[in-house]
Amino acid sequence: MSAEINTDSSRVEIKQRVVRVALAGNPNSGKTSVFNALTGLRQKIANYPGVTVERKSGMLTGPDRQPFEIIDLPGIYSLVPKSLDEQIAVDILTGTCPVEPPPDLVVVVADVTNLPRNLYLCTQIIDIGLPVILALNMMDVARKKNLQVNVEGLARRLNIPVVPISAKQMEGIDELKDTIFLHGRKGANGRNGHSILKSVELARVCEPLVTWFQEHGIDSPSGAYAEALRVISQPQALERWQNRNGREELSGLVQKARQELDARGIPWKQAEVRIRYAAIDQICAQNITQPKSTGSELSEKIDRILTHKYFGPVFMFLILATIFQSIYTWAEVPMTAIENALGALGQQVEQLLPPGPLQDMLVNGVIAGVGAVLVFLPQIVFLFFFLAILEDTGYLARVAFIMDRFMAKIGLSGQSVIPLLSSFACAVPGIMATRTIQNQRDRLLTILVAPFMSCSARLPVYTLMIGAFIPGIWLGGIFYLPGLVLLSMYLLGMVAAVVAATILQKFVVKGESTSYIMELPAYRMPVWRFIFYRVYEAGKAFVTNAGKIIMAVSIVLWFLASYPKPDAKHQQDMLALEKSGQTVDSFHEIRQSYAGRLGQLIEPVIRPLGFDWKIGIGLITSFAAREVIVSTLATIYNLQDADETSVDLRAALQNDRYPDTGKPVFTPLVAISLMIFFVLACQCMSTLAIVRRETNSWRWPVFMFVYMLIFAYVASFTVFQVGTALGFGS
Amino acid sequence: MKTQTTDSSDYVFSLDDLKPGEEAVIAGYQDDIADEMRLLEMGLIIGSIVRLVKIAPFGDPIQIRVRGTDISLRRALAKRILTRPTQLNHDERRN
Ligand SMILES: Nc1nc2c(ncn2[C@@H]2O[C@H](COP(=O)(O)OP(=O)(O)OP(=O)(O)O)[C@@H](O)[C@H]2O)c(=O)[nH]1
Ligand SMILES: [Mg+2]
């Protein structure tokens, strides 16, 4: 360990080198749970494979204040990556990552109820020569299943420390920490682990390759042997050596080895798996006692209903319908409470501050704008609560299972289902989750349609429109009409994704979806602690966002909608109009402000969709974030009705009339047209930015923005025009 | 996690031919499946016992169990995974 004396402070401090500890393991084995337990952080945990798709790190302080950096990685099945998230993990472990050296210590987090497959990866990591600790996770489940593991036997056989833990019950975490502290400080001396690879026959075939690898940077014999087996078995593994010197020679050696294996009747693709699993099966037989299977497991019983041929799809629909209905009905009481509190706040400010631009800005700009969005906090909380439950029970993976047939038809795979469903929360993590999709074409197609899933930012827009214009009646005593309309907006987004995918695969992202291999995790009781954190974080992000982006936009908008103040001539004209007995547009001041002019500039384009210039302003500002349209409308209506403290936005929308015709600006048809526009258009900077990052080009985000806008325009246009023609226009 | 093999490999069929609840032994893969490696790493190697747990509601994909894990995959892929009867149901099938 290198210690550096730092004398520039009054105290002599020893700056210690940070020990880097990576968490590796199969997908869904509980790595992030362990990470959170070790670091006290709150990264996302859920019950399906592929939750973590990027490297995350946190600190842990050891004895003598020695810092340990704990690195959480995406799940992998082996050291040969098949998708982008796996690539990230493998690159760091094997030292092929350009920006990061391999870790000092690897903690392999294994699901003890599924040990053979977890040991496959564990033994591979031992073979590359990194110091390894094996954390046997999910011991609580093992106990319930009466599965017994000989921990010492396993440790002796593999020659590594083995720590039984349960990240869920927080068992064994202190022991794990101590083991990390003990072994992490040994540095290169900490190399442990016995290779389990022994096969005389294969060893001879591999010999020339082993020598080659030892000459090319892999010093340990077992590491060279393991790599030799890997390049023989997997073309992808060979590709990883493609950029090194002497790769021709390597390819030649690999060819020869494959031919030799063929001659002996051994399929070369299975060279590594065969001997590794042979050894592992033997180890498991010696160290695990599994009770005779006692009938079918609980998960299988639950699945008898939830993935039943007929009940399965019915339940899926009912579950979704119930969720949207509950989001709607449960949120009403807390929403009113927040509304009242904000109204009172506005009054307070109005009394405390003298009238003038400052008071005006705070009341009509900030409080009206931010408040209009903030009242939707309960909805966001319920949405994330339900999503977290779906994810943490393991049901999400079943939705993918049921939907795959359907996804195949539209050129996607079941693997796309999880990123798409994650997009209900927000398209940004949804698009990141596409990293788990192996096929690059499937991945791109999924990215391109993901923003059609209604994210939580659209929820305030839907709720506002539905609350103001859809009557709260119960259909047949079961379905609440507003809830049903909300559900149909979500369904519309899904249908749009299907249509778009079908078109895009014909013309833009050609080809067929090929692969779908996914593990179906066992159902688990959700961990309420984690669910609470998830909901809390989401709520916090929503409030912070309202405090930053929406506040900023509201202030700018207040300014743009308040200035320039009408000049004397304008005032006189209006007065004259009023005297002559004509109705005066109560928005005349805002109309000639900067924002008003902008709105009127685009009005001719959006008028066929049923939108007036005020909505036009909202469409422009909502590009910062979709929910900004709500704060924008709130600010505009508050400025118009400056005498009143806080305008009830719903009532203001209902009462707004066109000055020339006297017809209402908003009708149920306009509300529906507006909601449809919001379902379909990609008005979101963050989404476009993440697409740029994940596809590495501006081409796709630009394409996405344009095609979704066309989609939105055509759909809203059709609905509004057809609706009007059929007489629904009033 | 015992694997069982039959000495008489006269009777080979695809994984897709199994009925829900039936078990078989993996016998091999039909030429070049892109996902062969992933399946192998997940433990579907020659000699492993697989059970077809169920078929998805709309007829595809299927759910199989290998080494205690449930994996879902499409039938098109399952067609190219070769299996043979376990000792037990081998005799049943012949009758
Ligand atoms: N019963 C039980 N469940 C656990 C334990 N540890 C984790 N889980 C659950 O296992 C699931 C997966 O946990 P994660 O921590 O997200 O797993 P991961 O390895 O990070 O998964 P990926 O990021 O997808 O690779 C979650 O539902 C956890 O609640 C444990 O010790 N016991
Ligand atoms: Mg994780």
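Residues numbered from 1 in each chain as written. Chains lettered and ligands numbered in written order. Predicted model: local features only at pLDDT ≥ 70, side-chain atom pairs only at ≥ 80, totals over all residues. Heavy atoms only, no water.

Undergrad: Is there a simple way to think about the overall build of chain A in this case?
TA: In terms of helices and strands, chain A carries 32 helices and 13 strands. Partitioning the intrachain contacts of chain A with sequence separation of at least 6 by distance along the chain shows that 73% fall at a separation of at least 24. Summed over all atoms, the accessible surface of chain A reaches about 31,100 Å², with 60% contributed by carbon and sulfur. When the 66 positive and 61 negative side-chain charges of chain A are each reduced to one mean point, those points stand 5 Å apart. (Helix = DSSP H or I, 4+ residues; strand = E, 2+ residues; numbered from the N terminus. Contact = heavy atoms within 4.5 Å. Areas by Shrake-Rupley, 256 points an atom, 1.4 Å probe, with all protein chains shown as cover. Lys, Arg positive; Asp, Glu negative; His and termini not counted. Charge placed at Lys NZ, Arg CZ, Asp CG, Glu CD.)

Undergrad: What am I meant to see in the coordination of the magnesium ion (ligand 2) here?
TA: Between any two of four tetrahedral donors, the ideal angle at the metal is 109.5 degrees; between two of six octahedral donors, it is 90 or 180 degrees. Residue and element names in this part refer to chain A. Coordination of the magnesium ion (ligand 2) by the protein involves Thr 32 (OG1) and Thr 52 (OG1), with metal-donor separations of 1.9 to 2.0 Å. Placement of the pair is Thr 32 in helix α1 (residues 31-39) and Thr 52 in the loop between α1 and β4 (56-61), with a sequence separation of 20 residues. Thr 52 matches Thr 32 in its accessibility class, with the two residues each being buried. (Donors = N, O, S within 2.8 Å, 3.2 Å for Na, K, Ca; no water. Buried < 20%, exposed > 50% of the residue type's maximum accessible area, 1.4 Å probe, protein only.)

Undergrad: Explanation requested: the sheet that holds strand β13 (residues 517-519) of chain A in the structure shown.
TA: The strands that make up a sheet are held in pairs by hydrogen bonds between backbone atoms, and each pair lies either parallel or antiparallel. Strand order in the open sheet made by the seven strands is β13(A)-β5(B)-β4(B)-β3(B)-β2(B)-β6(B)-β1(B), with antiparallel pairing throughout. Taken across any chain shown, the strands that pair with only one partner, and hence form the sheet edges, are β13 of chain A together with β1 (13-14) of chain B. Strand direction decides the pairing type here: β13(A) and strand β5 (residues 69-73) of chain B, joined by three bridges, are antiparallel. Its bridge partner being in β5(B), A:Met518 is matched across the sheet by B:Ser72. (Pairing = 2+ DSSP bridges.)

Undergrad: I keep staring at the site of ligand 1 and nothing clicks. Help me out?
TA: All names here are of chain A. Close to ligand 1 lie 26 residues, the nearest being Lys 31, Thr 32, Ser 33, Val 51 and Thr 52. One of the side-chain nitrogen or oxygen atoms of Asp 140 is found 2.8 Å away from a nitrogen atom of ligand 1. Mapped by element, the contributors of at least two residues to the shell around ligand 1 are α1 and α4 (139-145). Considered class by class, the residues forming the shell around ligand 1 number ten nonpolar, eleven polar and five charged. (Near = heavy atom within 4 Å. Polar contact = N/O pair within 3.5 Å; in protein donor to acceptor, adjacent residues only side chain to side chain. Nonpolar A, V, L, I, M, F, W, Y, C, P; charged D, E, K, R; others polar.)

Undergrad: What exactly am I supposed to notice about the packing of aromatic side chains here?
TA: Aromatic rings in a pair are described by how distant their centres are and how their planes are angled relative to each other. In this structure the tally under the stated criterion is 22 aromatic pairs over all chains. Taking 5.9 Å as the distance between ring centres and 80° as the angle between the ring planes, the aromatic pair formed by A:Trp558 and A:Tyr563 counts as edge-to-face. On the basis of relative accessible area, A:Trp558 is assigned to the buried category, the value being 7%. The rings of A:Phe452, A:Trp700, A:Phe703, A:Tyr707 and A:Phe711 are connected pair by pair, giving a single aromatic cluster. The positively charged end of A:Arg398 is found above the aromatic ring belonging to A:Tyr523, 4.1 Å away from the centroid. Sitting over the ring of A:Tyr277, B:Arg67 keeps its end group 4.3 Å from the ring centre. (Phe/Tyr/Trp six-rings, centres within 6.5 Å; stacked < 30°, edge-to-face > 60°. Lys NZ or Arg CZ within 6 Å of the ring centre and 35° of its normal.)

Undergrad: When you look at the environment of A:Val670 in this model, what are you seeing that I'm missing?
TA: Residues and elements named next belong to chain A. Mapped onto the elements of the fold, Val 670 is located in helix α30 (residues 668-680). Classification of Val 670 as buried rests on a relative accessible area of 3%. A sequence separation of 58 residues divides Val 670 from Phe 728, and the C-alpha atoms of the two residues are 9.8 Å apart.

Undergrad: Help me understand the sheet that holds β4(A), please; the structure alone is not making it clear to me.
TA: Residue and element names in this part refer to chain A. What the six strands build is an open sheet, ordered β4-β5-β3-β6-β7-β9; its pairing is mixed. Of all strands in the sheet, those bounded by a partner on one side alone are β4 and β9 (162-164). Averaged over neighbouring strand pairs, the angle between their axes works out to 25° when direction is ignored. Pairing geometry for β4 and strand β5 (residues 67-72), over six bridges, is antiparallel. Residue pairing for β5: Gly 58 is matched across the bridge by Ile 70. Sheet strands in contact with α1 are β3 (19-24), β4, β5, β6 (105-111) and β7 (132-137), and its direction is about 155° off that of β5. Helix α3 (residues 115-127) contacts β3, β6 and β7 of the sheet and is inclined by roughly 170° relative to β6. (Axes fitted to C-alpha atoms, helices over the stretch in contact; angles between N-to-C directions.)

Undergrad: Got a minute to help me understand the interface of chain B and chain A in this structure?
TA: Interfaces are often described in size by the accessible area the parts lose on coming together. Taken together, the contact between chain B and chain A spans 35 residues of the former and 41 residues of the latter. For the pair chain B and chain A, the summed buried surface comes to about 3,500 Å²; carbon and sulfur atoms form 54% of the total. Of all residues in chain B, B:Arg38, B:Glu41 and B:Arg74 give up the largest surface area on contact with chain A, accounting jointly for 22% of the area buried on that side. Taken together, the connections running from chain B to chain A amount to seven salt bridges. Summed over the shared surface of chain B and chain A, the result is 18 residue pairs in polar contact (both at pLDDT 80 or more). For the side of chain B that touches chain A, the element with the most residues is helix α1 (residues 36-41) of chain B, which contributes six residues. Of the residues that constitute the side of chain B that touches chain A, the class distribution is 19 nonpolar, four polar and twelve charged. (Buried area = accessible area lost by both parts, 1.4 Å probe. Salt bridge = Lys/Arg side-chain N within 4 Å of Asp/Glu carboxyl O.)

Undergrad: Sorry if this is basic, but what is going on with the pattern of salt bridges here?
TA: Two side chains that carry opposite charge are able to pair once their charged atoms sit near each other. For the structure shown, the criterion picks out 35 salt bridges over all chains. Residues B:Arg65 and A:Glu300 are paired through a salt bridge, measuring 3.2 Å at the closest nitrogen-oxygen approach. Of this pair, B:Arg65 sits in strand β4 (residues 62-66) while A:Glu300 sits in helix α12 (residues 298-306), on two different chains. You can call B:Arg65 buried: its relative accessible area is 17%. For B:Lys79, the salt bridge goes to B:Asp16, with nearest N and O atoms at 3.3 Å. Of this pair, B:Lys79 sits in the loop between α2 (75-78) and β6 (81-85) while B:Asp16 is found in the loop between β1 and β2 (23-29), placing the two residues 63 residues apart along the sequence.

Undergrad: Got a minute to help me understand the domain arrangement of chain A in this structure?
TA: Domain annotation of chain A identifies domain 1 (16-189), domain 2 (200-289), domain 3 (311-459 + 471-507) and domain 4 (531-725). Taking only C-alpha atoms, the centre of domain 2 of chain A and the centre of domain 3 of chain A are 49 Å apart. (Domains from an automatic or database assignment.)

Undergrad: So what exactly am I meant to see when it comes to the packing of helix α31 (residues 685-695) of chain A against helix α32 (residues 699-725) of chain A here?
TA: All names here are of chain A. Between α31 and α32, the shortest axis-to-axis distance is 7 Å and the interhelical angle comes to 140°. Here α32 runs oblique to α31, going by the angle between their axes. For the crossing formed where α31 meets α32, the hand is right-handed. Across the interface between the two elements, Leu 688, Val 691, Arg 692 and Thr 695 of α31 pack against Trp 700, Pro 701, Met 704 and Phe 705 of α32. (Parallel < 35°, antiparallel > 145°, perpendicular 65-115°, else oblique. Left-handed = near helix turned anticlockwise from the far one by under 90°.)

Undergrad: How should I be thinking about the nonpolar core in this particular structure?
TA: The nonpolar side chains of soluble globular proteins are, as a tendency, buried together. Grouped together as the largest cluster of nonpolar side chains are 139 residues, with contacts concentrated most on A:Val449 and A:Met465. Ignoring anything within four residues of it in the chain, the contact list for A:Met465 reads A:Ile470, A:Leu633, A:Leu653, A:Phe666, A:Ala671, A:Leu674 and A:Met675. (Core = buried A, V, L, I, M, F, W, Y, C linked by side-chain atoms within 4.5 Å.)

Undergrad: Looking at this structure, how should I read a nonpolar patch on the surface?
TA: A grouping of A:Val495, A:Val499, A:Ile503, A:Phe507 and A:Val508 is seen on the molecular surface, where their side chains present a nonpolar patch of about 430 Å² in accessible area. Summarising the element assignment, A:Val495 is placed in helix α22 (residues 481-507). (Patch = residues over 30% accessible without salt bridge, like charges linked within 9 Å, V, L, I, M, F, W, Y side chains within 5 Å.)

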